[in-house]
Amino acid sequence: MNKGVIANLSNSFSTGGGGHEFERHVQAVFLLTLIVEGFSPVLEAPVKEIDFQTKRLGFDTDDLLVIAEDSVGEIKMLCQIKHDIDITERSVLFQTVINAAWGDFQNSQFRKGRDQI
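Residues numbered from 1 in each chain as written. Predicted model: local features only at pLDDT ≥ 70, side-chain atom pairs only at ≥ 80, totals over all residues. Heavy atoms only, no water.

(A) Spatial organisation of the sheet that holds strand β2 (residues 45-52). Overall, antiparallel pairing links the four strands, which are arranged β1-β2-β3-β4 in an open sheet. Both outer strands of the open sheet, β1 (39-40) and β4 (74-79), are each paired with one neighbouring strand and no more. Pairing geometry for β2 and strand β3 (residues 64-69), over five bridges, is antiparallel. For Ile 50, the partnering residue across the bridge sits in β3 and is Val 66. (Pairing = 2+ DSSP bridges. Helix = DSSP H or I, 4+ residues; strand = E, 2+ residues; numbered from the N terminus.)

So this is what it looks like as C-alpha cells:
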C-alpha cells in the first residue's frame, strides 16, 4: 500500500466530529452548573448565565461565555474549547486562538483584572 496515501488520511476522531463533540461536552458541564445554580471554581462565584458561539456578541474567543456574579458584580469568562492543540510557533490553530484572546483582551467589553479568558 502507498504510504503517502495513508499519511494523508484523517483520523476517526477528526472525521467523526470528535472536536465538536468535546466542545459540546464542555459546554454541557457549564450548562448543568447553571441549571443546578452551581459554583464556578475558575471564577470563584456562582454561574448566572452562559452563552454559546458568542461571535455575534462581539467576542473572538467565542465557544463559550460564562457569566458569574460575586459580591462585587458580574465576572465574564471567555472560552475557546479545543480538544487537541499544538502550542508551537508554527501552529496556525494556536496562532488563531492567541490572536482571538488578545483581541478580546483589548475589547472594551473585557474588564482587565476581573474577567478571564
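That was the structure; now back to the text.
(B) The nonpolar core, seen in detail. In this structure, Phe 30, Leu 43, Ala 45, Val 47, Ile 50, Leu 64, Val 66, Ala 68, Ile 75, Met 77, Cys 79 and Ile 81 together form the largest nonpolar core, which totals 12 residues. Those elements that provide at least two residues to this core are β2, β3 and β4. The contact partners of Val 47, leaving out residues within four places of it in the chain, are Thr 33, Leu 34, Gly 38, Ser 40, Val 66, Ile 67 and Ala 68. Of all hydrophobic cores here, the second largest spans five residues; its members include Phe 59, Leu 65, Ile 67 and Phe 110. (Core = buried A, V, L, I, M, F, W, Y, C linked by side-chain atoms within 4.5 Å. Buried < 20%, exposed > 50% of the residue type's maximum accessible area, 1.4 Å probe, protein only. Contact = heavy atoms within 4.5 Å.)

(C) Quick peek at the packing of aromatic side chains. As enumerated under the stated definition, the model contains two aromatic pairs in all. The interplanar angle of 55 degrees and the centroid separation of 5.6 Å between the aromatic rings of Phe 105 and Phe 110 together place this pair among those described as tilted. Residue classification places Phe 105 among the partly exposed residues on the basis of a relative accessible area of 28%. On the accessibility criterion, Phe 110 (8% relative accessible area) is buried. What links up through ring pairs into an aromatic cluster is the set Trp 102, Phe 105 and Phe 110. A cation over a ring is seen here: Lys 112 above Phe 105, with NZ or CZ 4.8 Å from the ring centre. (Phe/Tyr/Trp six-rings, centres within 6.5 Å; stacked < 30°, edge-to-face > 60°. Lys NZ or Arg CZ within 6 Å of the ring centre and 35° of its normal.)

(D) Highlighting the environment of Ile 117. When you line up the elements, Ile 117 lands in the segment after α4 (92-106). Residue Ile 117 is classed as partly exposed on the basis of its relative accessible area, which comes to 44%. Between the alpha carbons of Ile 117 and Phe 105 there is a distance of 7.9 Å; along the sequence they are 12 residues apart.

(E) Inspection of α4 at higher detail. Here α4 spans 21 Å end to end across 15 residues, near enough to the 21 Å set by a 1.5 Å rise per residue. Taken together, the buried positions of α4 are Val 97, Ala 100, Ala 101 and Asp 104. Taken end-on, α4 shows its buried residues confined to a sector of 95 degrees, consistent with a single buried face. Residues of α4 that are exposed and point over 90 degrees away from its buried face: Val 92, Asn 99 and Trp 102. (Expected span 1.5 Å × (residues − 1). Arc of directions from axis to C-beta.)

(F) How the structure looks around a nonpolar patch on the surface. Together, Leu 31, Leu 32, Ile 35, Val 36 and Phe 52 make up an exposed nonpolar region whose accessible area comes to about 460 Å². Considering the arrangement of structural elements, one finds Leu 32 in helix α3 (residues 18-35). (Patch = residues over 30% accessible without salt bridge, like charges linked within 9 Å, V, L, I, M, F, W, Y side chains within 5 Å. Areas by Shrake-Rupley, 256 points an atom, 1.4 Å probe, with all protein chains shown as cover. Salt bridge = Lys/Arg side-chain N within 4 Å of Asp/Glu carboxyl O.)

(G) Structural detail: the environment of Lys 82. Topologically, Lys 82 is positioned in the loop between β4 and α4. Note on Lys 82: relative accessible area 32%, which makes it partly exposed. A C-alpha to C-alpha distance of 9.4 Å links Lys 82 and Leu 93, two positions 11 residues apart in sequence. With near-sequence residues (within four places) excluded, Lys 82 lies in contact with Phe 22, Asp 63, Leu 93 and Val 97.

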